[in-house]
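Results of the structural survey
Next come the chains, spelled out residue by residue.
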Amino acid sequence: QVQLVESGGGLVQAGGSLRLSCAASGRTLSSYTAAWFRQAPGKERQFVSVISRTGAGTYYADSVKGRFTISRDNAKNTVYLQMNSLEPEDTAVYYCAARPYYSSSASSPDDYDYWGQGTQVTISS
């Protein structure tokens, strides 16, 4: 079993950048595909991006493609989400999630077994 803790959220102006981190403990994160989801108030949890265990495979939601980059450092047991050109519509709680196997179609929260507690990202206009 793996435990996930997100960090790096905050308040930034539109057009700014943030980098989120997801640190794992318990089992090594290299055993898991990792993903980022987000949830805005009153809305369902939404897929953002996924990365394979080695980092060779990545996939993004259309809404963030070209602005967000997912990466991982397995030596540090950490997954990152670099977010650039942020928009007010990106405001949400961002969650890290993990599952044993990679699939670019694994975009439902139900596809993931482990979750962090979330970190708030607020973008002001």
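Scroll up a little and you will see the structure.
A brief report on the enclosed structure follows. In this text the structure is predicted, and so the values were computed from the model without any measurement. (Residues numbered from 1 in each chain as written. Predicted model: local features only at pLDDT ≥ 70, side-chain atom pairs only at ≥ 80, totals over all residues. Heavy atoms only, no water.)

Okay, the overall build of the protein next. Per the secondary structure count, the protein includes zero helices and 11 strands. Put simply, the protein runs from its N terminus to its C terminus through helices and strands in the order β-β-β-β-β-β-β-β-β-β-β. Its C-alpha radius of gyration of 13 Å places the protein within 12% of the 14 Å reference for a compact globule of 125 residues. By its C-alpha atoms, the protein is 40 × 25 × 25 Å across when sized along the principal axes. Classification of the 125 residues of the protein by burial places 43% in the buried group. Put simply, 59% of the contacts in the protein that link residues at least 6 apart link residues at least 24 apart. Total accessible area on the protein stands at roughly 6,100 Å², and carbon and sulfur atoms take up 45% of it. Put simply, the protein has 11 plus and 10 minus side-chain charges, and the middle of one group is 7 Å from the middle of the other. (Helix = DSSP H or I, 4+ residues; strand = E, 2+ residues; numbered from the N terminus. Rg over C-alpha atoms; globule rule 2.2 N^0.38 Å. Buried < 20%, exposed > 50% of the residue type's maximum accessible area, 1.4 Å probe, protein only. Contact = heavy atoms within 4.5 Å. Areas by Shrake-Rupley, 256 points an atom, 1.4 Å probe, with all protein chains shown as cover. Lys, Arg positive; Asp, Glu negative; His and termini not counted. Charge placed at Lys NZ, Arg CZ, Asp CG, Glu CD.)

A word on the sheet that holds strand E7 (residues 68–73). Strand order in this open sheet of four strands is E1-E3-E8-E7, and the pairing throughout is antiparallel. Across the chains shown, the open sheet's two edge strands, defined by having one partner strand only, are strand E1 (2–7) and E7. Averaged over all neighbouring strand pairs, the angle between strand axes comes to 20°, with direction disregarded. With six bridges connecting them, E1 and strand E3 (residues 18–26) associate as antiparallel partners. Each residue of the ladder has a partner; that of Ser-7, found in E3, is Ser-21. (Pairing = 2+ DSSP bridges. Axes fitted to C-alpha atoms, helices over the stretch in contact; angles between N-to-C directions.)

Let us look at unusual backbone geometry. Unusually for a residue other than glycine, Asn-77 sits at a positive phi of about 55°. In this fold, Asn-77 is placed in the loop between E7 and strand E8 (78–83).

This brings us to the side chain of Arg-38. When you line up the elements, Arg-38 lands in strand E4 (residues 33–39). One polar contact links Arg-38 to Asp-90, side chain to side chain, over a distance of 2.9 Å. (Polar contact = N/O pair within 3.5 Å; in protein donor to acceptor, adjacent residues only side chain to side chain.)

This paragraph deals with the pattern of salt bridges. The final tally for this structure, using the stated rule, is four salt bridges. Taking the shortest distance from any N to any O, the salt bridge between Glu-87 and Arg-67 comes out at 3.9 Å. One end of the pair, Glu-87, is in the loop between E8 and strand E9 (92–99); the other, Arg-67, is in the loop between strand E6 (58–60) and E7, with 20 residues separating them in the sequence. For Glu-87, a relative accessible area of 33% puts it in the partly exposed group. Here Arg-67 ties to Asp-90 by a salt bridge, and the two come within 2.8 Å at their closest N and O atoms. Taken together, the residues Arg-67 in the loop between E6 and E7 and Asp-90 in the loop between E8 and E9 connect sequence positions 23 residues apart. (Salt bridge = Lys/Arg side-chain N within 4 Å of Asp/Glu carboxyl O.)

These results come straight from atomic positions and should not be treated as a statement about function.
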